[in-house]
Amino acid sequence: MAENKTEFQCNGVVGGNFEAVRKKGIEFDPPLYKQRYFFVKDLVNQHKTKKVADLGCGDNTLLWILKIHSCAELLVGVDINDSVLHYSRNKLSPSWGDQLSPRDLDLTVTLYIGSAVERDSRLRGFDLITCIELIEHLNSEDLARFPEVVFGYFSPSMIVISTPNSEFNPLFPSGNALRDLDHKFEWNRMQFQTWALDVANRYNYSVEFTGVGEPPAGAENVGYCTQIGIFRKNEAKATELCISEQDDEHVYELFYTELYPSLQQEKVRKFVVLNEVYRQVYLMRRRFIKILDPLAASIFNSADCDPAKVEERRLLGPPMFTDARLAEIRLLGPPFTEAEKTEFILLGPAFTEAEKTKIVNSPKPFCVGNEFCVPLERLLAYPKVNRICDSIDTLKMYIADTVTLSSDGSAMKVDIPDHDDY
Amino acid sequence: MSGRARARARGIARGPSPAEVGRTQASPQPTSVDLSDSEASSSSGFVGTSRISQTYEDSISSGDAGSAFMERGGKIRRDFMDLAVCTREKLAHVRDCKTGSSGIPVKLATNLFGLDLPQDWQLYQYHVTYIPDLESRRLRIALLYRHRELSNKAKAFDGVILFLSQKLEKKVTELSSETRRGETVKMTITLTRELPASSPVCIQVFNIIFKKILKKLSMYQIGRNFYKPSEPVEIPQHRLSLWPGFAVSVSHFESSLLFSADVSYKVLRHETVLEFMAGLCRRTGVSCFTQTCERQLIGLIVLTRYNNKTYRIDDIDWSVKPTHTFQRRDGTEVTYVDYYKQQYDIALSDLNQPVLVSLLKSKRNDNAEARLAHLIPELCFLTGLTDEATSDFQLMKAVAEETRLSPLGRQQRLARLADDIQRNKDARFELETWGLRFGCQMSLTGRVVPSEKILMQDHVCQPLSAADWFKDLRTCKILSTQPLNKWLVICSNRAGDATENFLNCLRRVGSSMGFNVDYPKIIKVQENPAAFLTSIQKHVGPDVQLVMCILPSNQKSYYESIKKYLSSDCPVASQCVLARTLNKQGILMSVATKIAMQMTCKLGGELWAVEIPLKSLMVVGIDVCKDAFNTGMVAVGFVASMNPRITRWFSRCILQRTTAGVADCLKVFMTGALNRWYKYNHGLPARIIVYRDGAGDGQLKTLIEYEVPQLLSSVTEANSDASSKLSVVVVRKKCMLRFFMEVNRTLQNPPLGTVVDSEATRFEWYDFYLISQVACRGTVNPTYYNVIYDDNALKPDHMQRLTFKLCHLYYNWPGLISIPAPCQYAHKLTFLVAQSIHKEPSLELANSLFYL
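Residues numbered from 1 in each chain as written. Chains lettered and ligands numbered in written order. Predicted model: local features only at pLDDT ≥ 70, side-chain atom pairs only at ≥ 80, totals over all residues. Heavy atoms only, no water.

**Q** Before we move on, could you go through the overall build of chain B and cite the residues and values that matter?
**A** Tallying secondary structure elements over chain B gives 25 helices and 36 strands in all. Split into buried and exposed, the 852 residues of chain B put 59% on the buried side. Long-range pairs, those at least 24 residues apart, make up 72% of the contacts in chain B with a sequence separation of at least 6. With an accessible surface of roughly 34300 Å², chain B has 49% of that area assigned to carbon and sulfur atoms. (Helix = DSSP H or I, 4+ residues; strand = E, 2+ residues; numbered from the N terminus. Buried < 20%, exposed > 50% of the residue type's maximum accessible area, 1.4 Å probe, protein only. Contact = heavy atoms within 4.5 Å. Areas by Shrake-Rupley, 256 points an atom, 1.4 Å probe, with all protein chains shown as cover.)

**Q** Explain the environment of Leu191 of chain B residue by residue, including any values.
**A** Within the secondary structure, Leu191 of chain B is located in strand β6 (residues 184–196). The class of Leu191 of chain B is buried, set by a relative accessible area of 3%.

**Q** Go over the pattern of salt bridges with me, naming the residues and quoting the values.
**A** Here the structure, examined in full by the defined rule, presents 44 salt bridges over all chains. Between Arg279 of chain A and Glu275 of chain B there is a salt bridge; the shortest N-O distance is 3.5 Å. With Arg279 of chain A in helix α9 (residues 266–292) and Glu275 of chain B in helix α9 (residues 273–284), this pair bridges two chains. Overall, Glu275 of chain B belongs to the buried group, its relative accessible area being 7%. Through salt bridges that share partners, Glu276, Arg279 and Lys384 of chain A together with Arg239 and Glu275 of chain B make up one connected network. (Salt bridge = Lys/Arg side-chain N within 4 Å of Asp/Glu carboxyl O.)

**Q** Describe the sheet that holds strand β14 (residues 411–415) of chain A, listing the residues and the values that go with them.
**A** Adjacent strands of a sheet form backbone hydrogen bonds with each other and so pair up, either parallel or antiparallel. Residues and elements named next belong to chain A. One open sheet accounts for four strands, arranged β11-β12-β14-β13; its pairing is antiparallel. Lying at the two open borders of the sheet, with one neighbouring strand each, are β11 (366–368) and β13 (404–405). With five bridges connecting them, strand β12 (residues 371–375) and β14 associate as antiparallel partners. The residue bridging Val374 from the neighbouring strand is Met412, located in β14. (Pairing = 2+ DSSP bridges.)

**Q** Lay out the packing of aromatic side chains in plain terms, naming residues and giving numbers.
**A** Both the distance between ring centres and the angle between the ring planes are used here to describe each pair of aromatic rings. Residue and element names in this part refer to chain A. Inspection of the entire model under this criterion finds 38 aromatic pairs over all chains. Among the aromatic residues, ring-to-ring pairing joins Phe146, Phe185, Trp187, Phe192, Trp195 and Phe209 into one connected group. For Lys51, the ring lying beneath its charged end belongs to Phe126, and the centroid distance is 5.3 Å. Over the aromatic face of Tyr153 sits the side chain of Arg124, whose NZ or CZ is 4.6 Å from the ring centroid. (Phe/Tyr/Trp six-rings, centres within 6.5 Å; stacked < 30°, edge-to-face > 60°. Lys NZ or Arg CZ within 6 Å of the ring centre and 35° of its normal.)

**Q** Lay out the packing of helix α8 (residues 200–216) of chain B against helix α15 (residues 425–434) of chain B in plain terms, naming residues and giving numbers.
**A** Residues and elements named next belong to chain B. In the contact formed by α8 and α15, the axes pass within 9 Å of each other and the chain directions differ by 160°. By the criterion of interaxial angle, the relationship of α8 to α15 is roughly antiparallel. α8 and α15 meet at a crossing whose hand is right-handed. Counted together, Val205, Ile209, Phe210, Lys212, Ile213 and Lys216 of α8 and Asp426, Ala427, Glu430, Leu431 and Trp434 of α15 form the full contact between these two elements. Taken together, the residues of the contact of α8 with α15 break down into seven nonpolar, no polar and four charged. (Axes fitted to C-alpha atoms, helices over the stretch in contact; angles between N-to-C directions. Parallel < 35°, antiparallel > 145°, perpendicular 65-115°, else oblique. Left-handed = near helix turned anticlockwise from the far one by under 90°. Nonpolar A, V, L, I, M, F, W, Y, C, P; charged D, E, K, R; others polar.)

**Q** How would you summarise helix α19 (residues 556–569) of chain B if you had to cite specific residues and measurements?
**A** Along an α-helix, residues three or four apart share an orientation, since each turn contains 3.6 residues. Residue and element names in this part refer to chain B. A rise of 1.5 Å per residue sets the reference length of α19, with its 14 residues, at 20 Å; its end C-alpha atoms lie 19 Å apart and thus fit the reference within 8%. Counting buried residues along α19, 10 of its 14 residues qualify, which places the element largely inside the surrounding structure. All buried positions along α19 are accounted for by Ser557, Tyr558, Glu560, Ser561, Ile562, Lys563, Tyr565, Leu566, Ser567 and Ser568. (Expected span 1.5 Å × (residues − 1).)

**Q** Any chance you could break down the nonpolar core for me, citing the residues and the numbers?
**A** All names here are of chain B. Within the largest apolar cluster, 92 residues are counted, with the highest numbers of intra-cluster contacts made by Trp487, Leu506, Met548 and Tyr825. When residues of this core are assigned to their parent elements, the largest contribution, nine residues, is made by helix α25 (residues 821–837). The residues touching Tyr825, leaving out its near neighbours within four places in the chain, are Val639, Trp649, Leu809, Tyr810, Tyr811, Leu849, Tyr851 and Leu852. Ranked by size, the runner-up nonpolar core spans 54 residues in total, among them Val160, Leu395, Ile421 and Ala427. (Core = buried A, V, L, I, M, F, W, Y, C linked by side-chain atoms within 4.5 Å.)

And the structure:
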């Protein structure tokens, strides 16, 4: 992933390379900022961190990337510049997709206006705090306070700090200048590691160094363009710190907070169950009608796709069922086995063998007058329903006030429309 | 045909290699990484090309000719194209005043809000060049926005064209900025135009500003409208979600700049494309699954759940599976399955699904290769309603119940939006920096024109309600009718008794209407479409006046095969009735009355009339309708009145190949109609008024330049000395405008016959709104009329009243309808042809309303 693309990479003239790269400028592909975010994303994925805070979250891109993870439960962004937050909060709000296909677990996204060198108790007890390209913006006074707040007070299980590696700068056309006007300093690897090791020691963390943005061929000795330190809290002391200080320091200004729809919420669960129930019932009803309607069934079962023949069959149709046979089908339910087999071979999310067996073995739908009834037990056999409802009673609780149940409450009823045109 | 071949046939540029496809897929534009997103959003609404704007480089012009203003994707928004058409200046009789004066004045509230600008407000258009030249639009924007000189100014910039509300000191401003990498870039900002607030370009900039504002109110844009995802209305029975939102637009109305907003709902379905496909497969069977699937899906808008973006389905590639690989931007190969796992933490469950292909709109207006995105059906949700859904009565009822808003409810929503815009700090700031002030909701005065009397054979009735005079009709004789002597009834064996019963009833109500119905020949057949058709073929002879079919179900094949045969192969009037309808004992009388009226019309009878003061007037309705099966085909319907009383009609329809929905055949139709008129009335009509329905946004110019001349040339050729005077009126059923009337401190719909011809109309046009339909629940939709050509020079009052009268003459409904009857007839005719018969109906039927 961290491959950089320069014009000269392939011509292999090692000697001329450095200067050429300097003149041309270096481009990273993917861009360096993305590489940094993907680095954090991979880390989150690997450790399944639930609570993550990003200090200096800026336009919230990192949080946006992290919120897709099913493990995320609380994502917090902190920035002192509220105008950036303003622009990008829309990006973090739950949208259509989040409502239509809700997450399994609750996720809260919160943004605070505040500084990484001020204490706020709401930032304590996190699994991961990231400070991406943050420390180089701190003046010496703030930099001195930073470890005490982040390591000492917030004290998360893991901290990721990234900062420019000044040894890489000569490769840029602007040479040794700072990469951004607001940077107060840019460290070489030695300076960063010394600082990091010292802080880690002081607050009982261990640290590991890596980076993103590989140097071009011929300049490997300068190291990564961005250097990264991953700090892990040494377990022993962790719990003690968390519990001891109970003070509620709320210094940050709450800017935005939003709870994503998830299956942990009753309303959402009900909705998902209803949806799936209606879907399956309609599918079953359609198949039922198909079987009752020999005309449609003949089209359905035919492998012939000559439109003229299909049309002909549409018009002529095979002989009707006798009234007696129809009555029998209505009473006993349609001969399902063949159709049920086709249900599973056709396109659609696959069921496992066990799921299929469970569905086929559950009580069959039936017909009373002009109403199609599906036993709740059968609905419960469908995995999506079963995942949320552990019993008939739960299922009933979710659907009772929306669907029509049979008089004994054991089945769901829908009308059979008098035609099913297609 | 494979998906690929089909795309070629349709002229869609496909990516040259799988790599290209993969690339577009590998970077599905996660909105987040667009770092300049926040800034660029102000400008992303338009993309100008350097080529066009350079035309203006040297001189500052203040005109609007050749506006180079593009919507995202390089297209000019279609309704803006209409704005450049000025028709009123050519119509001398309305140049000074286009308002009428008759009727009772009524005070109306609107969904328009004032937008105030300082008197001398101007928009300054600049052209920006970079040295060295920068390819990246994002970088161009970022560099300019970051510059101190511009940082606190209201601006919109697309990378080439910059709009400012304040003039820069110099005509040419040189700025330099440094990239993050330290390169110095010189930017030259040259003033190209100074635009007055009335300029169409300014209107587009205002629309972009409001787009930005609504985004700040946490609304999402889908299509042209804005929706709030946080407040969905769920309809679980139909697996639908409705998202409330607004359609908004800023434009110049009669005398001022106004912001209009109307409540809109987006329908989202809790059904993924994969589920939809699976359901379809089960219905159609494997044999014609792919064709049906493509017919149903192509053109629909889907929403991808992982990034909340919408795409249009342009094709389905059945050869690609999720387990196939594509090339990412960095050159590595990855399968779709792995990609979605890594990128979005989503596991795909069906590994056999095909992929949907969507043509991405190019953000730059260059000729670069069209980019394609591959979408996984399982991850796409359907939006909007399919035809299948819209024909589901229960579903539509449920949707209507949720979306129907009373005038008061609608007003409350509007007030809340206005309040939000005014209260939101960012929104207010945005408006202020541009010098705009959001004003209050506009009220205006409309007029209620007098109600019409309905003329029957021996009776003039003043209906209690103009909305429905069915009850008033029962006791009256209809204007004229032909006795029905020889006719057939075809029914299934089962429906025999019900049919007998119904026929008795029909004959009874017929005689009280003055419509003599003899006993028909009844043929009983088996219950299948072919049996019906065969017996029709066997029994319909030359002297059969009408065939009635009692259909066992409303399966389309019955109706379609019968109508197709009897409308074009063997032209005879036909009447289809659902057997189910005949079993409704309680309402059998009114069912029979309605059917008797329809049958009368199909035999060339006349039901009622209204008083038409003009003595020699022909009215014409034109509508177009897309063919349901053959894409690229449209049915064009033309219905012209054949007598001064406007009770007899001449109806023609052809199928025509076109993409634009512009009619080609009007000259032939018009000439045909004039010939018939001549035959019946021994002279040509003095006046002809054509109502054109079914024109889309942006077609106004085409209508004026292409359709009007066709009509004109036919009219002048018919009689070169004293040719009939022609007027052409464009009719629009859908418009954003709403009117409310305050009654007893609450809001109601304005009464029938309300005309609005000031303030909410447009200065450049001779236009008016007319309310001719009732909305029992919900808010009434006014119909919008735009007179684009007018030799008749009727007074606006007369034009409006005539239009209102014509809304009374639709024989399928004893009451007022939303559009003039000839338009509704043309609509009904084209609908029948486009939906069911797909063939031109026989000319022999042209003198009767055979399609009712």
